[in-house]
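Below are the chains, spelled out letter by letter.
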Amino acid sequence: MERLGGLAHAAAKLARGAPWGSPQSALEPAGADAERIASLFPILFGGAAIIWLVVMGLTAYAVVLRDRKHERNRTRRWVVGGGALATTVLLLLLLVRGLAAMPELLDPGPQDGPRIRVSGEQWWWRVRYELPGGASFDLANELWLPRGRRTPILLESPDVIHSFWVPSLGGKIDVIPGRVNRMALQPTRTGTFTGICAEYCGLSHARMLFHVVVVEPPAFEAWLAAQRADARAPTGVLADRGQVLFQQHGCGACHTVRGTAARGVVGPDLTHVGGRVSVAAGTLANDVVGFEQWLARTEALKPGVHMPSFHMLSNEERNALATWLEGLQ
Ligand code: CUA
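Here the structure is a predicted model, which is why all the values come from computation and not from measurement.

1. Here's the deal with the pattern of salt bridges
According to the stated counting rule, one finds twelve salt bridges in the structure shown. The shortest N-O distance in the salt bridge between Asp33 and Arg150 comes to 3.0 Å. Pair noted here: Asp33 is in helix 2 (residues 32-65) and Arg150 is in the loop between strand 4 (142-146) and strand 5 (151-156), with a separation of 117 residues, a long-range link. Accessibility assignment for this pair places Asp33 and Arg150 in one class, buried. Asp138 is the partner of Arg128 in a salt bridge, and the nearest nitrogen-oxygen pair spans 2.6 Å. Of this pair, Arg128 sits in strand 2 (residues 124-130) while Asp138 sits in strand 3 (residues 136-140); the two residues are ten residues apart in sequence, bridging distant segments of the chain. Note on Asp138: relative accessible area 13%, which makes it buried.

Take a look at the structure:
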């Protein structure tokens, strides 16, 4: 079914005259690992297509062209040779071809550069950059990677099983409580790619998207420096009022905004939240309206989420709070 879906997707894009540029397609690889996996597609699909054609041909022969009783010995030869032997050999060949790609996919990447620790939460992704020398910083639902370099990623979960998958960049890997899984990504093209949770993990499983922004190495270094820095709080009457509301309503008990008194670790780190691609793990656009909607309808937008909605705030208060959050670039 997945193959058919992929084909339908590719056919639809060809029909639109835009075969490339999807942010989330295993058939349009933008990473070394995704390229290896995509190279298996024509072999596996071609093999399956040939087997299907041969079986259909034999069926037509048996049913339409020669519908008399078949000789017992010849029938047995077809069943044993075609049904058991040929199938086993063909599937073995395909398996060997697939396994041959494994060692490169398992390459953990250099251990002396930055590495990323990703944790699957309900329902968002905690992302920690661990830098050489021991420094680290947190963000959420977003990874930045330098093009051309292999970056190690460690994956863990505090409660249920998730699965971390950026189809354009690499393979899928489960995120399992009680163990640390390892992978690495090595993007070959710059751009913004979408990642998803590929394992049903509860009510809002479909609401834990994330984005991977691939940039050239100098831009990546600049981004690292900017992320490590404390929040540059926006100024202005509205934003100031927003910051006061953030403190008054206890948001800092769950969220961290580095450079302020907010040090909570339950929810996403909001230090540079206004600079991210989306709000609430791909649920809303990252603008003032997006933050307002999130604050007003949290539970409706993401059923089962730990954060309560702040519908008790007036529209003006929500606007002030959203203005401050959006300004945390
Ligand atoms: Cu996390 Cu599905």
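Next comes the rest of the description.
2. Here we look at the sheet that holds strand 1 (residues 115-121)
Strand order in this open sheet of five strands is 3-2-1-5-8, and the pairing throughout is mixed. Across the chains shown, the open sheet's two edge strands, defined by having one partner strand only, are strand 3 and strand 8 (181-185). Taking the axes of each pair of neighbouring strands and ignoring which way they run, one obtains an average angle of 25 degrees across the sheet. Pairing of strand 5 with strand 8, which is carried by five bridges, proceeds in the antiparallel orientation. Each bridged residue has a counterpart across the sheet, and for Ile153 the counterpart in strand 8 is Met183. Sheet strands in contact with helix 5 (residues 217-228) are strand 2 and strand 3, and its direction is about 95 degrees off that of strand 3.

3. Some details on the sheet that holds strand 6 (residues 162-165)
Strand order in the open sheet formed by five strands is 4-10-9-6-7, with mixed pairing between adjacent strands. The sheet is open, and its two borders are formed by strand 4 and strand 7 (173-175), each paired with just one other strand. Neighbour-to-neighbour, the strand axes of the sheet open up by a mean angle of 25 degrees, direction not taken into account. Sheet strands touched by helix 5: strand 4 and strand 10 (210-215). Its angle to strand 4, the strand with the most contacts, is close to 135 degrees.

4. Re the side chain of Glu121
Relative to the elements of secondary structure, Glu121 occurs in strand 1. A relative accessible area of 11% means that Glu121 is categorised as buried. At a separation of 2.7 Å, a polar atom in the side chain of Glu121 contacts the side chain of Ser119. With near-sequence residues (within four places) excluded, Glu121 lies in contact with Arg126, Pro158, His162 and Met208.

5. A closer look at the pairing of strand 3
Among the five residues in strand 3, four count as buried, and that is most of the element. Bridge count between strand 2 and strand 3: five bridges; the pairing is antiparallel. From the neighbouring strand, Arg126 faces strand 3, where its bridge partner is Ala140.

6. Let's talk about the packing of aromatic side chains
Summed over all chains, the structure comprises ten aromatic pairs. Relative to Phe45, the ring of Phe41 has its centre 5.7 Å away and its plane inclined at 15 degrees; by these criteria the two rings are stacked. Of the two residues, Phe41 and Phe45 both sit in helix 2, four residues apart, roughly one turn of that helix. A residue is classified by how much of its surface remains accessible, and Phe41, at 24% relative accessible area, is partly exposed.

7. As for helix 9 (residues 315-326)
An ideal rise of 1.5 Å per residue puts 16 Å on twelve residues; helix 9 measures up with 16 Å between its terminal C-alpha atoms. Every buried residue of helix 9 is listed here: Arg318, Ala320, Leu321, Ala322, Trp324 and Leu325. On its buried face, helix 9 sits against helix 6 (237-248) and helix 7 (288-296).

Each value, and the rule that gives it
- Residues numbered from 1 in each chain as written.
- Predicted model: local features only at pLDDT ≥ 70, side-chain atom pairs only at ≥ 80, totals over all residues.
- Heavy atoms only, no water.
- Salt bridge = Lys/Arg side-chain N within 4 Å of Asp/Glu carboxyl O.
- Helix = DSSP H or I, 4+ residues; strand = E, 2+ residues; numbered from the N terminus.
- Buried < 20%, exposed > 50% of the residue type's maximum accessible area, 1.4 Å probe, protein only.
- Pairing = 2+ DSSP bridges.
- Axes fitted to C-alpha atoms, helices over the stretch in contact; angles between N-to-C directions.
- Contact = heavy atoms within 4.5 Å.
- Polar contact = N/O pair within 3.5 Å; in protein donor to acceptor, adjacent residues only side chain to side chain.
- Phe/Tyr/Trp six-rings, centres within 6.5 Å; stacked < 30°, edge-to-face > 60°.
- Expected span 1.5 Å × (residues − 1).

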